[in-house]
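Chain and residue survey
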Amino acid sequence: MNGDATETEAGQQPSPSGGEEDDKRLEKFMGRKERRRSSLNKPLLGDYLGARSNSKMQAIISKHDEKEVLFADVVVKMNRRCKLQERILLLTERSLYNIDPTSMKAKRRIGLMDISCVKMSGLQDNFFVICVPSEYDYLFVSSKKIEICLQLRRQYQYVKSGQVLPIEFKNTLEYKVDSGVVREVRFTKETDGVATQVLDRKKA
């Protein structure tokens, strides 16, 4: 396994139906990202929360004239103070939403056009970073990270007229906490799993 790689192969225009195309794209990730055997045959459902029929979530996305729910599930987000928070991650045809599951209010909306890449390690962990150069990045934790990346990458390619969203695989990830600070997360393979170390903030 090569710890540091970037997956930026040119792809075809995304298929709205998924299916067989999802399986082929999943194989690409399996070549770069170690996966647990239990996760290999999981069905890709997209909407795990019934967001398509949830009036509160529909009200959030309809404010921006969006209708499609491509993915919705509860994930864990690491905030600026390294505190872990549960959030609903909701992907629509044009945006990615961070929603507070308690108040059911959107904390942030990211246009797909503003995302530059996704980062994750090559090991068996559930962390991934959404990079937004014009603002700040997000570090999320989810067992459905591969499905999130597949859905995000397909829709990104659609809204960007065929441009492929880069997926970076590195066992040391840097992400921007705010305009002047970055954080480093290191992943190390051990006999009983993967050790994760979040280093002190440093000036960008």
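Residues numbered from 1 in each chain as written. Predicted model: local features only at pLDDT ≥ 70, side-chain atom pairs only at ≥ 80, totals over all residues. Heavy atoms only, no water.

Some remarks on helix α3 (residues 145-159)
As a reminder, the rule being used: Numbering of helices and strands runs from the N terminus; a helix is a DSSP stretch of H or I covering at least four residues, while a strand is a stretch of E covering at least two. Each helix should span, by expectation, one fewer than its residue count multiplied by 1.5 Å. Buried residues are those whose accessible area, probed at 1.4 Å on protein chains only, stays under 20% of the maximum for their type, while exposed residues exceed 50% and partly exposed ones sit between those limits.
With 15 residues, α3 should reach 21 Å at 1.5 Å per residue; the first-to-last C-alpha distance of 21 Å fits that figure. Most of α3 is tucked away, with 13 of its 15 residues classed as buried. Within two residues after α3, serine 161 carries a phi angle of roughly 55°, on the positive side.

Concerning the nonpolar core
Heads up, the rule is: Among the buried residues, those of types Ala, Val, Leu, Ile, Met, Phe, Trp, Tyr and Cys that are joined through side-chain atoms within 4.5 Å form a nonpolar core. A contact between two residues is defined here by any heavy atoms of the two lying within 4.5 Å.
Ranked by internal contacts, the top residues of the largest apolar core, which has 25 residues, are Leu96, Ile115, Val118, Phe128, Ile130 and Leu152. For this core, the secondary structure elements donating two or more residues are β2 (71-78), β3 (84-91), β6 (117-120), β7 (127-131), β8 (138-141), α3 and β9 (167-169). Per-element tally for this core: the top contributor is α3, with six residues. With near-sequence residues (within four places) excluded, isoleucine 115 lies in contact with Leu96, Ile110, Ile130, Cys131, Leu152, Tyr156 and Leu165. One finds Cys131, Leu139, Val177 and Val181 within the second-largest nonpolar core, a separate group that totals 13 residues.

A few points about the environment of valine 118
Its place among the elements puts valine 118 in strand β6. When its relative accessible area of 0% is taken as the criterion, valine 118 is described as buried. A sequence separation of 20 residues divides valine 118 from tyrosine 138, and the C-alpha atoms of the two residues are 9.8 Å apart. Contact partners of valine 118, with chain neighbours within four places excluded, come to Phe128, Val129, Ile130, Cys149, Leu152, Leu165, Pro166, Ile167 and Glu168.

A short note on the pairing of strand β4 (residues 95-100)
Note the threshold: Strands are treated as partners if at least two bridges between them are detected by DSSP.
Counting buried residues in β4 gives six out of six residues, a clear majority hidden from the surface. A two-sided burial pattern is seen for β4, the buried positions comprising Ser95, Tyr97 and Ile99 on one face and Leu96, Asn98 and Asp100 on the other. Across four bridges, the pairing between β3 and β4 is antiparallel. Across the sheet, leucine 90 pairs through a bridge with tyrosine 97, a residue of β4. The antiparallel hairpin formed by β3 and β4 contains three residues in its connecting segment. Here β4 pairs with strand β5 (residues 105-111) via six bridges, running antiparallel. Looking across to β5, one finds that asparagine 98 is bridged to arginine 108.

A short note on the packing of aromatic side chains
Stated precisely, the cut-off is as follows: Aromatic rings from Phe, Tyr and Trp, with only the six-membered ring used for Trp, were paired whenever their centres fell within 6.5 Å, and each pair was classed as stacked if the ring planes differed by under 30 degrees, edge-to-face if by over 60, and tilted otherwise. Charges are assigned to positions over rings by a cutoff of 6 Å between ring centre and Lys NZ or Arg CZ, combined with an angular limit of 35 degrees from the ring normal.
All chains considered together, the criterion is met by five aromatic pairs. Three or more aromatic residues joined by ring pairs make a cluster, and in this case those are Phe128, Tyr136, Tyr138 and Phe140. Arginine 108 extends its terminal NZ or CZ atom over the ring of tyrosine 136, reaching a point 3.8 Å from the ring centre. For lysine 144, the ring lying beneath its charged end belongs to tyrosine 48, and the centroid distance is 4.5 Å.

Observations concerning the state of the cysteines
Applied cut-off: When two cysteine sulfur atoms lie within 2.5 Å, the pair is treated as a disulfide.
This model, assessed by the stated rule, comprises zero disulfides. Between cysteine 131, a cysteine without a disulfide, and cysteine 117, which holds the nearest cysteine sulfur, the sulfur-to-sulfur distance is 3.5 Å. Cysteine 131 sits in the buried class, given a relative accessible area of 5%.

Things to note about the pattern of salt bridges
Keep this limit in mind: A side-chain nitrogen of Lys or Arg and a carboxyl oxygen of Asp or Glu constitute a salt bridge if their distance falls within 4 Å.
Summed over all chains, the structure comprises seven salt bridges. In this structure, glutamate 66 engages arginine 94 in a salt bridge whose closest nitrogen and oxygen atoms are separated by 3.9 Å. Here glutamate 66 is found in the loop between α2 (55-62) and β2, whereas its partner arginine 94 is found in the loop between β3 and β4, with 28 residues between them in sequence. The salt bridge involving lysine 144 is made with aspartate 73; its shortest N-O contact spans 2.9 Å. One end of the pair, lysine 144, is in the loop between β8 and α3; the other, aspartate 73, is in strand β2, and 71 residues separate them in sequence. Lysine 144 gets classed as partly exposed once you look at its relative accessible area, which sits at 23%.

Interpretation in functional terms is not warranted from these geometric data alone.
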